[in-house]
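Geometric and topological summary
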Amino acid sequence: MPSSTSSSEVRPDRYARQTASDRPGVAQPVPVRPVPEQPWGRIFLGAVALFAVLLAGWEAHWRAFGVTPSMNNDDGLWAIQRRRIDAGEGTATVLVGSSRVFFDVRLPVWEKLAGRRPIQLCLEGTTPLPFLEDLAADPHFTGRVLVGIDPQVFFTGFRYREGALKYARKESPSQRIGQWLSMHFVEPYFAFDDPDFALQTVLERQPWPARPGKPWLSEVRKLSLHEADRNSYLWGKVESDPQYRELARNIWRQGFDPGLYPPPQKLKEIIKAQIDGTAKAVATLRARGVQVLFVRLPSSGEYLAFENRMYPRAQAWDQLLKVTGAPGLYFEDYPELRGYELPEWSHINASQTERFTTALYAILQRDFWGPAATPPAAGVPPPAPSAAAPR
Amino acid sequence: MVFNSLTFIVFFACVLLMHSLPLGWTTKKINLLLASYLFYSAWNPPFVILLWVSTVVDWYAAQGLVKARRQSARHAWMLLSVIANLGMLGYFKYGQFLLQNFTALMSAIGIAYHPAHYDIVLPVGISFYTFATMSYTLDVYLRRALPARNLLDYALFVTFFPHLVAGPIMRPTELVPQFAVPRRATADQLRFGLALMTIGLFNKIVLADSFLSHAAEDVYDTSKIPGTLDAWAGTLAFSGQIFCDFAGYSTTAIGAALCLGFAMPDNFRFPYAAVGFSDFWRRWHITLSSWLRDYLYIPLGGNRYGARRTYAALMTTMLLGGLWHGANWTFVAWGGLHGVYLSIERALRARFAGYRPGPVVFVLLGLFTYTLVNLTWVFFRARTFGKAWEVLRGMLGQNGGVEPLLSTYRLVSVAVIVGGILLTHWLMRTRTLESVIARTPALLVCAIWGLLVFLIVIVQGEGNAFIYFQF
């Protein structure tokens, strides 16, 4: 092993010291760890004061931007909800899906109507398939599943947050404690504590010159606010700030470029694989008596046009219901689920989600899960709706 | 638990409080021992049993060594320790690797062998604490050290939470004597310890995790082929990431120990300013390289039995050192490359014994060393040889016409941070951190400290595990 470089390279000073590499083949002595001469008491107090001032400025900056404290929508928060099934709530209604069921369905409203709060397991930008498979493999779960289908995510099998499942399975005691500490002492008080406002994220989304051949694509910006049980809704800024709303729309527009997607034949294969995988999970769940319902919640404007173009209902949604044999609810079939404001075309304005959830729950009870419900045959639109259209 | 977590902040505050209470020294040591078990079990409680096994086996082995009259008995006690520790390491860390290679070998000679599924979780830091406990028995066996006077001191040496899971790999003679007399940090030791922890966490959370790791991931964790710029940027990013991650851990550990009044050895000495590979290994992961030197290279003969034997010992040491880092042939290749570098350097030093480079050549040799070190990092970071060759071909300009992988932002951050790391290492090459801090105006030290804490908080680290935990 190395031994030829002399320690004389280290300029002798009062803090110079040898390391184990200078003492081959002998017992190593107790290390020397000198403290540099400085007024450490004053330095410490000054550093604490400076830190406090800088942090207060950073917090004030983000509050002025319109941010309010909210729970972080992280894997630890998801894991808490997933554990509810193992902890005796196996008969609950579970919501899986992507951001639409996540942001548009209000849990307190649902609880008021159903008498029981559902378990919110949706993850933005992530197909519900792995979570359906997880529920299918869990004998503790015998409740109901509402599966949100956001076509762009579901039929491509996009898995932005798939890691949540692995995290929940392997979460260490230390991580659980950290989650609890953060939820009680950090997240309720600090607006800046959101991944969207982390320094590196803020720097990355500055208008850096694009590298030739590497077009700059903006990551999805903050869209939602979250509570401790993952009751979530669209951030008010998306609705109230035209500039921010336009930014959100422009980010969606990036994804409307057909060049980003596989060729049609390949896309068909991907869609088929997603549907087949879902059918398998649904069959397992239904064999255990679990009721599974697919829901396609509203989108509008350019987003809806894109979805209809890329994943036509007849080839995607109808096929999903046909292959799985499970019932489905498509927002366009129900006037009471239409006409809501979707500021960035994909999620309902927070102020309207209570009314939306009420309307959705009424349909679920009337047509699918209630005592008198007679679910429409898979792939067939339901009979003429009776409820009034939303205001 | 990891240092970069809220859980650790609360845990450490409690430990500091307990350690400052007016309790007896033995009680304080028991507190530290229990806290250390808590620290370890916060990952996976059952693995504490492995710690106990390692502790008890080496404790009794060392007792046996002292009492043994015959050399054969001493030998047997030493072997018991080595086999128990390496057996544990082998089972948990290399079991899967051995099985895969055995299956591949069988397949190569036409035998279809289908082993049972091997699903073992690697206990965090097992490579570190097994080496620490082995050094205890081996030092007693080599008559370099006396055994600890009581089991409590010895158990605390093995388990002491600052060094437990990722080093610095402590020798018993470095730490056990510190438990003999009551220790409590002075106010200045506490504050400087906190400052060291800040520097360490800044390296880990801000530089490694928030700015460098993504560039390395974009190049190494994709099926796309990198061009020259991307291959170099991804590799340079990893060179910075692994330094900031591991040196950051060591610095945090040293600071945490100092806050409690204990001294831990240096583990890094600005390695990217090394000139030559013997110099690099005197600066990089010092406690591991010196461990391998003292317990492997020298027992294999070192440089005492002629050139051929020296080179064989050197290569064996570096190959096994590579394997220590991970159960994958890419790590062996990484170690092997370093072994080759060290061998060539040794031969050149013998051939040009009187040569002393001028300042410009000296710096150029340093940059050449850093470049070659980066080539070895390719094997360390790539998960397969296929990926390693792909990146190496890119670095050599052989991947023409491929699409760019890294954005301008990523390229700029890698250039700024890795450039900054290199410059810092060269400026600090012959200095210590303490000497520089002592000469810096107090106001500036204060401002830098406050700013570092601020940056640590606003990058909102995700509590990522330190890279070396997997080893």
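Residues numbered from 1 in each chain as written. Chains lettered and ligands numbered in written order. Predicted model: local features only at pLDDT ≥ 70, side-chain atom pairs only at ≥ 80, totals over all residues.

If you tally the helices and strands in chain B, you get 19 helices and zero strands. In terms of overall dimensions, chain B is globule-like: its C-alpha atoms have a radius of gyration of 23 Å, near the 23 Å expected for 471 residues. Reported as C-alpha extents along the three principal axes, the dimensions of chain B are approximately 70 × 65 × 55 Å. Looking at the 471 residues of chain B, the share that counts as buried comes to 52%. Considering only intrachain contacts with a sequence separation of at least 6, the fraction spanning at least 24 residues in chain B is 76%. (Helix = DSSP H or I, 4+ residues; strand = E, 2+ residues; numbered from the N terminus. Rg over C-alpha atoms; globule rule 2.2 N^0.38 Å. Buried ≥ 20, exposed ≤ 12 C-beta atoms within 10 Å, placed from the backbone. Contact = placed C-beta atoms within 7 Å.)

When you go through chain A residue by residue, the secondary structure sums to 15 helices and seven strands. Taking 391 residues into account, the globule formula puts the C-alpha radius of gyration at 21 Å, and chain A, at 27 Å, lies well above it. By its C-alpha atoms, chain A is 90 × 50 × 50 Å across when sized along the principal axes. Of the contacts made within chain A by residues no fewer than 6 positions apart, 80% connect residues no fewer than 24 positions apart.

On to the domain arrangement of chain B, then. Residues and elements named next belong to chain B. Once the domains are mapped, chain B shows domain 1 (6-184) and domain 2 (189-275 + 357-470). When each unit is reduced to the centre of its C-alpha atoms, the spacing between domain 1 and domain 2 is 28 Å. With 17 residues of domain 1 at the contact, the number on the domain 2 side is 17 residues. Elements represented by at least two residues in the side of domain 1 that touches domain 2 include exactly helix H1 (6-20) and helix H7 (161-164). The biggest single contributor to the side of domain 1 that touches domain 2 is H1, with three residues. Tallied by class, the residues present in the side of domain 1 that touches domain 2 amount to nine nonpolar, five polar and three charged. (Domains from an automatic or database assignment. Nonpolar A, V, L, I, M, F, W, Y, C, P; charged D, E, K, R; others polar.)

Once that is clear, we can look at the pairing of strand E1 (residues 93-96) of chain A. Residue and element names in this part refer to chain A. As paired strands, E1 and strand E3 (residues 144-148) are joined by four bridges and run parallel to one another. The partner of Val 94 across the bridge, within E3, is Val 145. Where E1 lies against strand E2 (residues 119-120), two bridges are found, and the strand directions are parallel. Pairing of Leu 95 across the sheet is with Gln 120, part of E2. (Pairing = 2+ DSSP bridges.)

Take the environment of Met1(B) next. Looking at the secondary structure, you find Met1(B) in the segment before H1. For the pair formed by Met1(B) and Ser41(B), sequence separation is 40 residues and the distance between their alpha carbons is 8.1 Å. Apart from residues no more than four positions distant in its own chain, Met1(B) is found in contact with Ser174(A), Thr7(B), Phe8(B), Phe11(B), Phe39(B) and Ala42(B).

What follows deals with the nonpolar core. Buried together is how nonpolar side chains tend to be arranged in soluble globular proteins. Counting residues in each nonpolar core, the largest one holds 151 residues, and the members touching the most others are Phe157(B), Leu212(B), Ala237(B) and Val414(B). Here this core gets 19 residues from one element, more than from any other, and that element is helix H9 (residues 187-220) of chain B. For this core, the two domains that each supply at least three residues are domain 1 (6-184) and domain 2 (189-275 + 357-470) of chain B. The contact partners of Phe157(B), leaving out residues within four places of it in the chain, are Ala148(B), Met170(B), Pro172(B), Leu175(B) and Val176(B). Counting residues in each nonpolar core, the second largest holds 72 residues, with Cys122(A), Ile275(A), Ala316(A) and Ala326(A) among its members. (Core = buried A, V, L, I, M, F, W, Y, C linked by C-beta atoms within 7 Å.)

Moving on: the interface of chain A and chain B. Counting residues at the interface gives 64 residues for chain A and 71 residues for chain B. Only helix H1 (40-64), helix H8 (173-186) and helix H9 (199-204) of chain A provide two or more residues apiece to the side of chain A that touches chain B. Counting residues per element, the side of chain A that touches chain B draws most heavily on H1(A), which supplies twelve residues.

Right, let's talk about the environment of Ala61(B) for a bit. All names here are of chain B. With respect to the helices, strands and loops of the structure, Ala 61 is situated in helix H3 (residues 48-67). For Ala 61 and Val 140, which are 79 residues apart along the polypeptide, the C-alpha to C-alpha distance reads 9.5 Å. For Ala 61, the residues in contact, after removing those within four places along its chain, are Trp 77, Leu 80, Ser 81 and Thr 137.

We now examine the packing of helix H2 (residues 75-86) of chain A against helix H7 (residues 163-170) of chain A. Residues and elements named next belong to chain A. Two elements in contact, H2 and H7, have axes separated by 9 Å at closest approach and are oriented at 65 degrees. The orientation of H2 relative to H7 falls into the category roughly perpendicular. The interaxial crossing formed by H2 with H7 has right-handed handedness. In this structure, H2 uses Asp 75, Trp 78, Ala 79 and Arg 82 to contact H7, whose residues at the interface are Gly 163, Ala 164, Tyr 167 and Ala 168. When its residues are assigned to classes, the contact of H2 with H7 shows five nonpolar, one polar and two charged. (Axes fitted to C-alpha atoms, helices over the stretch in contact; angles between N-to-C directions. Parallel < 35°, antiparallel > 145°, perpendicular 65-115°, else oblique. Left-handed = near helix turned anticlockwise from the far one by under 90°.)

This part covers the sheet that holds E3(A). All names here are of chain A. As summarised here, the arrangement of the five strands in space is E2-E1-E3-E6-E7, forming an open sheet in which the pairing is parallel. Because the sheet does not close on itself, it has two edges, and the strands there are E2 and strand E7 (328-330). In terms of strand pairing, strand E6 (residues 291-296) meets E7 through three bridges, oriented parallel. Of the residues in E7, the one forming a bridge with Phe 294 is Gly 328.

Quick look at the environment of Asn231(A) now. All names here are of chain A. Inspection of the secondary structure assignment puts Asn 231 in the loop between strand E4 (224-226) and strand E5 (232-234). Judged by the 20 C-beta atoms lying within 10 Å of it, Asn 231 is buried. Counting along the chain gives 75 residues from Asn 231 to Thr 156, while the straight-line C-alpha distance between them is 26 Å. With residues near it in sequence (within four places) discarded, Asn 231 still touches Arg 106, Leu 107, Pro 108 and Gln 120.

Moving on, we come to the confidence of the model for chain A. The predicted coordinates ought not to be read in detail in places where the model reports low pLDDT. All names here are of chain A. Here chain A averages 90 in pLDDT, while 92% of its residues score no lower than 70. Within the model, the stretch residues 1-11 combines pLDDT values under 50 with 26 contacts to residues more than four positions away or in other chains. Low pLDDT, under 50, characterises residues 379-391; the stretch is placed with 24 contacts to residues that sit more than four places away or in other chains. (pLDDT = per-residue confidence, 0-100.)

With 14 residues, H8(A) extends 19 Å from end C-alpha to end C-alpha; this agrees with the ideal 20 Å at 1.5 Å per step. All buried positions along H8(A) are accounted for by Ser174(A), Gln175(A), Gly178(A), Gln179(A) and Ser182(A). Here the buried residues of H8(A) occupy an arc of 140 degrees about the axis, which is enough to place them on one side. The outward face of H8(A), more than 90 degrees from its buried face, is lined by the exposed residues His184(A) and Phe185(A). Turning to H8(A), the residues buried within the fold contact H2 of chain A together with H1 of chain B. (Expected span 1.5 Å × (residues − 1). Arc of directions from axis to C-beta.)

This part covers unusual backbone geometry. The phi angle at Arg230(A) is positive, at roughly 70 degrees, despite the residue not being glycine. Looking at the element boundaries, Arg230(A) is found in the loop between E4 and E5.

Residue and element names in this part refer to chain A. Taking burial as the measure, the five residues of E3 include five buried ones, the bulk of the element. Of the two faces of E3, the one lined by Arg 144, Leu 146 and Gly 148 and the one lined by Val 145 and Val 147 are each fully buried. Two strands pair when backbone bridges link them, and E3 and E6 are joined in this way by five bridges, in the parallel orientation. For Val 147, the partnering residue across the bridge sits in E6 and is Phe 294.

Let us look at helix H13 (residues 306-325) of chain B. Residues and elements named next belong to chain B. The end-to-end C-alpha separation of H13 is 29 Å, in line with the 28 Å expected for 20 residues at 1.5 Å each. Where H13 is concerned, the buried positions are Ala 313, Leu 314, Thr 317, Met 318, Gly 321, Gly 322, Trp 324 and His 325. In an axial view of H13, the angular spread of the buried residues amounts to 165 degrees, which keeps them on one side of the axis. Check the buried side of H13 and you find it contacts helix H5 (126-141), helix H12 (286-297) and helix H14 (329-351).

To continue, consider the confidence of the model for chain B. Residue and element names in this part refer to chain B. A residue-level look at chain B finds 97% of positions with pLDDT of 70 or above and a mean pLDDT of 92. Mean pLDDT values over the elements of chain B span from 88, in helix H4 (residues 71-108), up to 97, in helix H19 (residues 442-458). Predicted complex, confidence summary: ipTM 0.89, pTM 0.90.

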